[in-house]
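Structure assessment
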There are 2 protein chains.
Amino acid sequence: MTELAKRSPFLRGFEQLFALSSDELDFLHRLESQSKEVPARRPLLGDGKSYDYALIVLQGWLIEYKILRDGRRQVLNFRLPGEIAGIDSLAYAAIPHSVAPLVTSKVAVLPLETFHDLQREYPRLGSVLFLMTLREEAILHQWEVRLGRRDAYARIAHLFMELYRRLHLRGLTDGPSFHLPATQEDIADCTGLTTPYVNRILQRMRRDGLLRFDGQVIELLDAPHLAEVSGFKPGYIEDWGNGIQPQRMEQAHQA
Amino acid sequence: MTELAKRSPFLRGFEQLFALSSDELDFLHRLESQSKEVPARRPLLGDGKSYDYALIVLQGWLIEYKILRDGRRQVLNFRLPGEIAGIDSLAYAAIPHSVAPLVTSKVAVLPLETFHDLQREYPRLGSVLFLMTLREEAILHQWEVRLGRRDAYARIAHLFMELYRRLHLRGLTDGPSFHLPATQEDIADCTGLTTPYVNRILQRMRRDGLLRFDGQVIELLDAPHLAEVSGFKPGYIEDWGNGIQPQRMEQAHQA
DNA sequence: CGTATTGTTGACGAGTGTCAAAGACCGTGG
DNA sequence: CCACGGTCTTTGACACTCGTCAACAATACG
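What you see is a predicted model; the values in this text were computed from it and never measured. (Residues numbered from 1 in each chain as written. Chains lettered and ligands numbered in written order. Predicted model: local features only at pLDDT ≥ 70, side-chain atom pairs only at ≥ 80, totals over all residues. Heavy atoms only, no water.)

1. What to know about the packing of helix α6 (residues 152-169) of chain A against helix α7 (residues 184-191) of chain A
Residue and element names in this part refer to chain A. Let me state the cut-off plainly: Axis angles are defined between N-to-C directions and span 0 to 180 degrees, where every axis is a line fitted to C-alpha atoms and, for a helix, only to the segment in contact. Working definition: helices are DSSP H or I runs of at least four residues, strands are E runs of at least two. Numbering for both runs from the N terminus. An angle below 35 degrees is treated as roughly parallel, one above 145 as roughly antiparallel, one from 65 to 115 as roughly perpendicular, and anything else as oblique. Any pair of residues with heavy atoms lying within 4.5 Å of one another is described as a contacting pair. All residues other than Ala, Val, Leu, Ile, Met, Phe, Trp, Tyr, Cys, Pro, Asp, Glu, Lys and Arg, Gly among them, are scored as polar; the first ten of these are nonpolar and the last four charged.
Contact geometry of α6 with α7 gives a least axis separation of 10 Å together with a crossing angle of 105 degrees. Considering the angle they form, α6 stands roughly perpendicular to α7. The residues of α7 that touch α6, namely those facing Arg-155, Ile-156, Leu-159 and Phe-160, are Ile-187, Cys-190 and Thr-191. Per-class residue counts for the contact of α6 with α7 are five nonpolar, one polar and one charged.

In structure tokens form, the structure reads like this:
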């Protein structure tokens, strides 16, 4: 149990799906062992450039984003501990977006060559990565709906709900609160809004008694109502499919 | 060559990446052989339901979409010939979106079991599907940018450019024209706009001499300018990565 | 030929964006 | 310990893109 609590979120992502063989475990361990700390806000991967590796997030928060010609920015997704950023290096000579940490974070390099080894020699692990990618897609679909068909209030509420649940699955929430190291500008660039407007909406949410924040800690005071106004349903995050249930996180949480 | 021109878009998707062994070819052929015709606009997969199969599109146009509680709709993506709809059945017990054909189309069923066989016995094919999924993701990223950070004019222009290039890769364009079996309401639900507004924008584009359409055929009169105003860059569609170049399509095109 | 679907138009209003300035906050160095 | 500079948040006044609603025209379809 203490043994298990020490698992990185990356390893837990696999163990949620099945028990790892010791070979597989070794392999994943080796991957993680070469981790390095990266400073906040300094891009790790640049749109249009070539890389022969992807990044495994071990700690912290990364964003994937694009900058338009006129300087506007759209955040495409967050990358939380246990997720992989930049796998598209596999499919593209020039990756089609940038990646940067929001705060000082810890990442491990995953060389494409190693990735191919993984696919060849540990097909079960390969399948898991494939599944992870499919779940990524489901998340992106939600981002599309949010951007295309929800108003500002619902967009922000929905984003917070999503982040809360994603973090919760990883044992990274604290009761109804979580740490969100994003500026209002970041939130604006996630939701397709502008900074001043995000500010006004956040104030309204506070007045409505839906949330509270000091510093970078957000507390969801009324999650059910937030879910209601934003049309948030957690299925795409928590439905683990095919009868495989997510391992209970309480252990890690209270560790 | 005539041999090759007869290949389905699905097969060609694989052959763009490497030469198929005869075993692999047989396997894919068997998949396609069980195709059936599906009528326009009648949903094939329903949001929240369970399926033990995905669909390979052989002919026609499908959309993936979500309906919100209040009836609004967001189209998430198109599925063109050669693509697979509903692979998320793999990752979710309840798929998180609906799928429907825009017009009478031809699809083949891909049982999940068969999919697992594929992954096990034809790892190279599995890799291709993985790559396809990564490219899906890049396309979804573009949809996010479009919805989040472009105005109505650019959204529509960008959408048309994307569709044109995606179709072109499959040899489904006709010079500067292509068949788009979507109503203005469909376009509105792709771009996060409303039908009347889409209508007005389309008129402006016509007046600006950018495009023309009769019936469901759209002709791009000034693709460079369309690309310019919408910030469209085709890299995410055509960059085939890792030195693998897309097979020339002219052959199929003029067939 | 009707009848349903799709496209088109108008008047109006609401939701967000824009721009610019002022406060709050926070780390840093003197 | 306070002053300073930078980043982030908050505010206001105003403009404008886009949505809403409703009617009508055109087109496809059976």
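2. So, the relation of the copies chain A and chain B
Inclusion rule: Here the copies were fitted onto each other by least squares, based on C-alpha atoms from residues at pLDDT of at least 70 in both.
The transform that puts chain A on chain B rotates by 180 degrees and translates by 0.0 Å along the axis, for an RMSD of 0.0 Å. In short, the pair behaves as if placed about a two-fold rotation axis. With an isologous cut-off of 70% or more, the 100% of interface residues of chain A that recur at the interface of chain B puts this contact in the isologous class.

3. Here's the deal with the nonpolar core
The nonpolar side chains of soluble globular proteins are, as a tendency, buried together. Rules: By nonpolar core we mean a set of buried residues, namely Ala, Val, Leu, Ile, Met, Phe, Trp, Tyr and Cys, connected to one another through side-chain atoms within 4.5 Å. Exposure is judged per residue with a 1.4 Å probe applied to protein chains only, and the accessible area is read against the type maximum: over 50% gives exposed, under 20% gives buried, and values in between give partly exposed.
Of all hydrophobic cores here, the largest spans 144 residues; its most connected members are A:Phe78 and B:Phe78. If sequence neighbours within four positions are ignored, B:Phe78 has contacts with B:Trp61, B:Leu62, B:Ile63, B:Glu83, B:Leu102, B:Trp143, B:Leu159, B:Leu163, B:Arg166 and B:Cys190. Residues B:Val38, B:Leu45, B:Tyr51 and B:Val99 belong to the second largest nonpolar core, which totals eleven residues.

4. Brief notes about the protein's contact with DNA strand C
The line we're drawing: Definition of nearness: a residue and a molecule or strand are near each other if at least one heavy atom of the residue lies within 4 Å of the molecule or strand. Whenever a nitrogen or oxygen atom comes within 3.5 Å of another N or O atom, the pair is scored as a polar contact, on the condition that within protein one atom can donate a hydrogen and the other can accept it, and that pairs from neighbouring residues in sequence are kept only if both atoms are in side chains.
Taken together, 15 residues are adjacent to DNA strand C, and A:Asp151, A:Ala152, B:Gln184, B:Asn199 and B:Gln203 come closest. Counting only the atoms of DNA strand C within 4 Å of the protein, the fraction contributed by sugar and phosphate is 70%. One of the backbone N or O atoms of B:Gln184 is found 2.8 Å from a phosphate oxygen in DNA strand C. B:Gln203 has a polar side-chain atom sitting 2.5 Å from a phosphate oxygen of DNA strand C. Broken down by secondary-structure element, the contributors of at least two residues to the surface near DNA strand C are α8 (195-207) of chain A together with α8 (195-207) of chain B. Broken down by element, the surface near DNA strand C gets its largest block of residues, five residues, from α8(B). Its residues assigned to classes, the surface near DNA strand C shows five nonpolar, six polar and four charged.

5. Considerations on the protein's contact with DNA strand D
Among the 15 residues in the neighbourhood of DNA strand D, the closest are listed as A:Gln184, A:Asn199, A:Gln203, B:Ala152 and B:Tyr197. Of what DNA strand D places within 4 Å of the protein, 72% of the atoms are sugar or phosphate. A distance of 3.2 Å is found between a base oxygen of DNA strand D and a side-chain nitrogen or oxygen belonging to A:Arg200. Elements with a minimum of two residues in the surface near DNA strand D: α8 of chain A together with α8 of chain B.

6. Quick notes on the interface of chain A and chain B
Short version of the rule: By salt bridge we mean one thing: a side-chain nitrogen of Lys or Arg within 4 Å of a carboxyl oxygen of Asp or Glu.
Facing the 53 residues of chain A at the interface are 53 residues of chain B. The tally of links between chain A and chain B comes to four salt bridges. Remark: the boundary between chain A and chain B carries 20 residue pairs in polar contact (both at pLDDT 80 or more). Put simply, the parts of the chain that give the side of chain A that touches chain B at least two residues each are β3 (62-67), β4 (73-79), α4 (112-121), α5 (123-149), α7 and α10 (235-238) of chain A.

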